[in-house]
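Breakdown of the fold
Okay, here's what each chain looks like letter by letter:
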Amino acid sequence: MKTFLRLSVVLALPCAIAQTPPIAPGLWENVPGPTLIDGKPMPGMADMSAQLAKLPPEMRKQMEQQMNAQGVDLGSGKVRMCISAEMLKQERWQQPREGCQMEVTQRSGSEWRWKGRCTQPPGEMEGVTRFQGERAYTSQVRVSTQRQGKTQVMTMDSSARWLGADCGKLKPMVLPK
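A few points on the structure. (Residues numbered from 1 in each chain as written. Predicted model: local features only at pLDDT ≥ 70, side-chain atom pairs only at ≥ 80, totals over all residues. Heavy atoms only, no water.)

What follows deals with the overall build of the protein chain. Counting secondary structure elements, the protein chain contains 4 helices and 9 strands. Each helix and strand of the protein chain, placed in order from N terminus to C terminus, yields the pattern α-β-β-α-α-β-β-α-β-β-β-β-β. For the protein chain, with 177 residues in total, the buried portion stands at 43%. Nonlocal contacts in the protein chain, meaning residues at least 24 apart in sequence, comprise 63% of its contacts between residues at least 6 apart. Accessible surface for the protein chain amounts to roughly 9900 Å². Of this, 51% is attributable to carbon and sulfur atoms. (Helix = DSSP H or I, 4+ residues; strand = E, 2+ residues; numbered from the N terminus. Buried < 20%, exposed > 50% of the residue type's maximum accessible area, 1.4 Å probe, protein only. Contact = heavy atoms within 4.5 Å. Areas by Shrake-Rupley, 256 points an atom, 1.4 Å probe, with all protein chains shown as cover.)

Here's what the structure looks like:
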């Protein structure tokens, strides 16, 4: 469950920006960096790939199909996503999961700072995304949530790179309305 929480947050990292970002449409690869929960390391995406590999073949295929149907490909510790030109034009670039409201608090050059609040699970996010041209970016995120009456703080980094204009068989990401 923690791994899937991490995935939802990883997908939300740079997403918090509800404005057109200075990136190219196409196939993107997001590589999660270290994630800490209350200062302790959390298993990474590579662990998730290993967990998927241990599933019975039918269950693994079903999970992979569900993720692919949402425009996400998990493989070798990396997350691949297809971001269409239309998604960028409509300012629907990796919107966060349902129940989250995000806003850009500062944009200066290639750095965007943002914050947000989510209702399920309840919590607050803040982060910074730094764009290196239209083909790469890094993000740092801090998420505070309540778990069993205690505040839990998760920090994580990620980097993403553009792989090309052609997404191949991967369809554009399915975003909440």
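Read on for the rest.
Looking now at the packing of aromatic side chains. The full count for this structure, using the stated rule, is 3 aromatic pairs. Pairing Trp28 with Tyr137 gives two aromatic rings, centres 5.3 Å apart and planes at 35°, and the pair type is tilted. Here Tyr137 lies in strand E8 (residues 136–147) and Trp28 lies in strand E1 (residues 26–37), a separation of 109 residues in the sequence. Considered together, Trp28 and Tyr137 belong to a single accessibility category, that of buried residues. A network of ring pairs unites the aromatic residues Trp28, Trp112, Phe131 and Tyr137 as a single cluster. (Phe/Tyr/Trp six-rings, centres within 6.5 Å; stacked < 30°, edge-to-face > 60°.)

Considering all chains together, one arrives at 5 salt bridges under this definition. One salt bridge connects Glu111 with Arg113, and the closest N-O pair in it is separated by 3.2 Å. Notably, a salt bridge pairs Glu124 with Arg117, separated by 2.8 Å at the nearest N-O pair. A residue is classified by how much of its surface remains accessible, and Glu124, at 41% relative accessible area, is partly exposed. Here the salt bridges do not stand alone but share partners, grouping Glu29, Arg80 and Arg161 into one network. (Salt bridge = Lys/Arg side-chain N within 4 Å of Asp/Glu carboxyl O.)

For the rest of this paragraph, the subject is the side chain of Gln152. Position of Gln152 relative to the elements: it lies in strand E9 (residues 150–164). Setting aside its immediate chain neighbours within four residues, Gln152 contacts Ile37, Asp38, Val143, Ser144, Thr145 and Arg147.

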